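If you want the building blocks of each chain, they are given just below.
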Amino acid sequence: MGKRSNNQLPNNLPQLQNLIKKDPESYVHEFLQQYRNYKTNLEIFQLKPGDCNKTLADLVMFLAQVAQCYPDQMSDFPDEMKRLLQYQNTVLHPEMRQIFCRALILLRNKGLISPISVLELFFELLRCQDKQLRKMLFTHIVADIKNINSKSKNNKINSTLQSFMYTMLRDNNATAAKMSLDVMIQLYKKNIWNDAKTVNVIVTACFSKITKVLVAALKFFLGRDEDDNEESESEDEGEKRTVGEISLAYRIGKKSKKRTKRFERAKSALKKNKKKKKPEAFNFSALHYIHDPQGVAERLFQQLEKTTERFEVKLMMMAMVAKLIGLHQLFLFNFYPFLQRFMQPHQKEVTKILLFAAWSAHDLIPPEVIESVVMTLVNNFVTERNSGEVMAVGLNAVREICAQCPLAMNKDLLDDLVQYKSHKSKSVLMASRSLIQLFKELNPTMLHKKDRGRPTEASKDIKPKAYGELAVSEHVPGAEILEVEAEDQQEEWESASSEEDDDGDEWIDVYHSSDDDETEADTVKDLDPEERREKAVKVSTNRLLTQEDFEKIRKQQAIRQVEPAHAKTGKKRKKSQVVEKPHAIGELAELGHIERVHKRRKHDRESRMATVLEGRVGREKFGGGTKQKMNPHASTTNKSKKKNKPFMMVKQKMGGKGKRSFRQKQIALRDSLLKRSKAK
């Protein structure tokens, strides 16, 4: 038999690679032979870099695999690969370019190349018109930076790469700029580059002339918190499903030693992964890391006024400016007249524009600036010529703006809007009552006396703030219901403990705060407001509050919200309809808070069927459609059984016996006569 070329060592590179990794010193001669072969093929390839050289590709991957075994001989190999990709990346064959990149990734994973030089080269290669290559480089860049910062933050490399990314975001190549931005966003989401420098580099992408880059940066700033919640929920669900599957498979299957060991190994692996997960630190929104929010908002608004992008992109830019104004309490007075131009019921995505108006409202805006927005909103939406849904949306938007800036509403306008509390449309009625409920908490004096409701203990402490006034509290609100710790309390505990040592057989009455919780609330009611404040200050300064104390304060504050301020006298009031509060005062509004319209929705099929079945209860004897059997255990007829059979089973019998034509009868008669003649 002839020799098989597959077993010849110089030509069988995978076998030689395996042997070199086991014993490098014994195969130096074979390695040098392949290295000289690589040099020769490389010189030939450089004459025609656009051709695909399969031999060179195999040799490059072979040398990348064994490079750590011969560091002296392979010292020039990484530089040769980088030079090829740096100066000839546009003319290289796509397969050869991908092979060279894979070789560099192998060398980087083995720690033979510095990360900065390789990553900068890979960022430049993102300009290539090769989608598979860009995808591979994107995955490696994210994974490599994650590994660099796995044990501790490498600030030197991070700072160098972030500065380089700043230049890449200004690149004229749209693909390279977009991929660079995606890398930074991915690293921020993985909590690797979640610092202020990364965020401020991404901010520069908001002023890019490339639409894809602009949209990606705006989506990052607007959708950061929602993405976090979704990712955390999906991770938790995946972990629970994995544990459940493992335990279920072990419970159901046959018990054996092998399966028991496998189950224990799987459980220990899951515990290890759980230990590796670090506790998640508090994650600020990226908008809080911006160094100059006023300058960013002004530049972005100027770009918004001049841009010719499609309307969806303009909406995202409006949202970004509005969030910056609301979070950082900025002054950008030209933004409000700009929003007023779009406040029309027929405007596309008008509810989002109303939401942006609510986001951009805060306490420090002069009342005359934001009051014009409210007046435009009321004149265009809250009028009888519009439908009930439009009026309800307008009232909801007014409520959200006033929740952020109460001085935007004047008393005359509020009196007019309160009149809609008895409107024929339930959606308008509920929206008006929610506005009344808001001002009951913010400034009840602006409401008419009959709309303020029954005064409560909490309503006595409400004081409307003037423009620019800050509510600085000297104590924990509600702390007056707690007792001030006496100085000799410690002595009482020590004496009680010493007596317990002397007389171990006797019971000792020990004071506990829960013994007189009910009496504390009664004693606080008898105090004047000034005495309450003094006691709350003493408790806040002289006592460390525990979680139980805060829970007690919270319960007492909730009671004060509904407890009447004075005893019942005179005629009994009617029970007012409870209006659900959409969210806490001071939080950013959501789109659902403005689009919330109270109306009777159309029933779907399930709700209609439930109503029908509910009406049939107790009316079985009147059912004329189905006949009731005398004996419930009796068998059914073939006709009733036929209804439950699959259609394909009774398909042939559905047509029945059709009438035959004269020709069909002739053929049937002829066939029967022939059959009879043959039988004789």
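Residues numbered from 1 in each chain as written. Predicted model: local features only at pLDDT ≥ 70, side-chain atom pairs only at ≥ 80, totals over all residues. Heavy atoms only, no water.

**Looking at the pattern of salt bridges**
Side chains bearing opposite charge may pair, as long as their charged atoms lie close to each other. Tallying each qualifying case throughout the model produces 14 salt bridges. The partner of K54 in a salt bridge is D58, with the nearest N and O atoms 3.2 Å apart. Linking K54 with D58, this pair stays in helix 3 (residues 54–65), spanning 4 residues, or about one helical turn. Owing to a relative accessible area of 36%, D58 belongs among the partly exposed residues under this scheme. Measuring nitrogen to oxygen at the nearest pair gives 4.0 Å for the salt bridge that ties R310 to E312. R310 sits in the partly exposed class, given a relative accessible area of 48%. We classify E312 as partly exposed; its relative accessible area is 36%. Through salt bridges with shared partners, a single network forms among R310, E312 and K348. (Salt bridge = Lys/Arg side-chain N within 4 Å of Asp/Glu carboxyl O. Helix = DSSP H or I, 4+ residues; strand = E, 2+ residues; numbered from the N terminus. Buried < 20%, exposed > 50% of the residue type's maximum accessible area, 1.4 Å probe, protein only.)

**Regarding helix 8 (residues 155–168)**
In a regular helix each residue adds 1.5 Å, so 14 residues correspond to 20 Å; helix 8 covers 20 Å between its end C-alpha atoms and thus fits that length. All buried positions along helix 8 are accounted for by I157, N158, L161, Q162, F164, M165 and M168. End-on view of helix 8: buried residues confined to an arc of 165 degrees, all on one side of the axis. Opposite its buried face, helix 8 presents the exposed residues N155 and K156, each directed more than 90 degrees away. Where helix 8 is buried, its residues meet helix 6 (115–125), helix 7 (131–148), helix 9 (174–189) and helix 10 (196–204). (Expected span 1.5 Å × (residues − 1). Arc of directions from axis to C-beta. Contact = heavy atoms within 4.5 Å.)

**With respect to the packing of aromatic side chains**
Following the criterion strictly, the structure yields 15 aromatic pairs and no others. Residues F335 and Y336 carry aromatic rings whose centres are separated by 6.2 Å and whose planes lie at 70 degrees to one another, so their mutual orientation is edge-to-face. Judged on exposure class, the residue F335 and its partner Y336 are both buried. Taken together, F301, F311, F335, Y336, F338 and F342 form an aromatic cluster joined through their ring pairs. Above the plane of the ring of F207 lies R299, whose end atom (NZ or CZ) is 3.8 Å from the centre. Cation over ring: K323 sits above W359, and NZ or CZ is 5.0 Å from the ring centre. (Phe/Tyr/Trp six-rings, centres within 6.5 Å; stacked < 30°, edge-to-face > 60°. Lys NZ or Arg CZ within 6 Å of the ring centre and 35° of its normal.)

**Thoughts on the environment of E124**
Tracing the chain through its elements places E124 in helix 6. With relative accessibility at 27%, the residue E124 sits in the partly exposed group. Leaving out residues up to four positions away in the same chain, E124 has contacts with Q86 and F164.

**Comments concerning the side chain of H423**
Within the secondary structure layout, H423 lies in the loop between helix 20 (411–418) and helix 21 (426–442). H423 gets classed as buried once you look at its relative accessible area, which sits at 15%. Within the structure, H423 has its side chain in polar contact with the backbone nitrogen of S425 (distance 3.0 Å). When near neighbours in sequence (up to four residues on either side) are disregarded, H423 contacts E384, M391, V428 and L429. (Polar contact = N/O pair within 3.5 Å; in protein donor to acceptor, adjacent residues only side chain to side chain.)

**Topic: helix 17 (residues 350–359)**
In terms of residue burial, helix 17 counts as a mostly covered element, since 9 of its 10 residues are buried. Three or more residues of helix 17 are buried, namely V350, T351, I353, L354, L355, F356, A357, A358 and W359.

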